[in-house]
Structure formats: structure tokens, C-alpha cells
Amino acid sequence: MDDSKMVAVKVKKPGKRGRKPAKIDLKAKLERSRQSARECRARKKLRYQYLEELVSSKERAICALREELDMYKQWCLAMDQGKIPSEIKALLTGDEQKAPQSSSNKIPKNGKYGSTANKTS
């Protein structure tokens, strides 16, 4: 080979640049690592507790909604048989008592107008 075509190549020294850690730094680093791991486990434990509480509250809400749905299904079955459940009667009588007090152009909660609402002045 020709000497004029040789390229200079830098030779890297093994290891990292900078100052090398002392034994004391190694012990401190291990202690910091242990402390960080402890904190991480504590955060993880809190996160799991929060999620478990969230799941249990959602499960309680689901149970309450299922019970309400079952109640409405029973009401529908009773109404299909021609019976009006006492709860619905109570709701209807409560709405009828409140209807004369409200203005005549508003729609009552049950969506039906009473005899007073259909009259014209």
C-alpha cells in the first residue's frame, strides 16, 4: 500500500471517560438504589389500593343498577298483567298533586297533560 493513502484512525481506550467511582460512591449508589426501590414499591402498593377501591365502588354501582333494572322489569311485568304497582301509583298521585301548582304550558314529569292543561283560557 501507498503511505499517502493511509487514513489516521483513533484508537479508543477501554472503559468510560470521566472519573472512576470510589468505593464510598458505590455504597452510596447501592443505598440510593435500595431507597428508590422501596419508594417504587410503596407507590405501586398505593396505586393498587386505589384501583381496588375504584373497582369495588364500580361493582357496588353495578349491583345497585341491576337491582333498579330488576325492579323496573317487575313493574313492566305487573303492568302487562293489568296491575299497577303501588310505587307507580305513588309517583302518579305525587305528580297530579304538583301539576295544578305549576303553570299550564309546562309538560308534567309523566309526559301527559292533565285535564286542566288541555283547556284553553
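Residues numbered from 1 in each chain as written. Predicted model: local features only at pLDDT ≥ 70, side-chain atom pairs only at ≥ 80, totals over all residues. Heavy atoms only, no water.

What am I meant to see in the packing of aromatic side chains here?
We describe a pair of aromatic rings using the distance from one ring centre to the other and the angle between the two ring planes. Tallied over the entire structure, the rule returns one aromatic pair. Aromatic pair Tyr 72 and Trp 75: ring centres 5.5 Å apart, planes at 75°, arrangement edge-to-face. Here Trp 75 and Tyr 72 lie together in helix H1 (residues 23-80), a separation of three residues that amounts to about one turn. The class for Tyr 72 is partly exposed, based on a relative accessible area of 37%. (Phe/Tyr/Trp six-rings, centres within 6.5 Å; stacked < 30°, edge-to-face > 60°. Helix = DSSP H or I, 4+ residues; strand = E, 2+ residues; numbered from the N terminus. Buried < 20%, exposed > 50% of the residue type's maximum accessible area, 1.4 Å probe, protein only.)

Would you mind showing me how to read the pattern of salt bridges here?
In this structure the tally under the stated criterion is two salt bridges. Put simply, Arg 38 and Glu 31 hold a salt bridge, and the shortest N to O gap is 3.7 Å. Under the relative-accessibility criterion, Arg 38 is labelled partly exposed at 40%. (Salt bridge = Lys/Arg side-chain N within 4 Å of Asp/Glu carboxyl O.)

Where do I start with the environment of Ile 88 in this structure?
Structurally, the position occupied by Ile 88 is in helix H2 (residues 86-98). A residue is classified by how much of its surface remains accessible, and Ile 88, at 15% relative accessible area, is buried.

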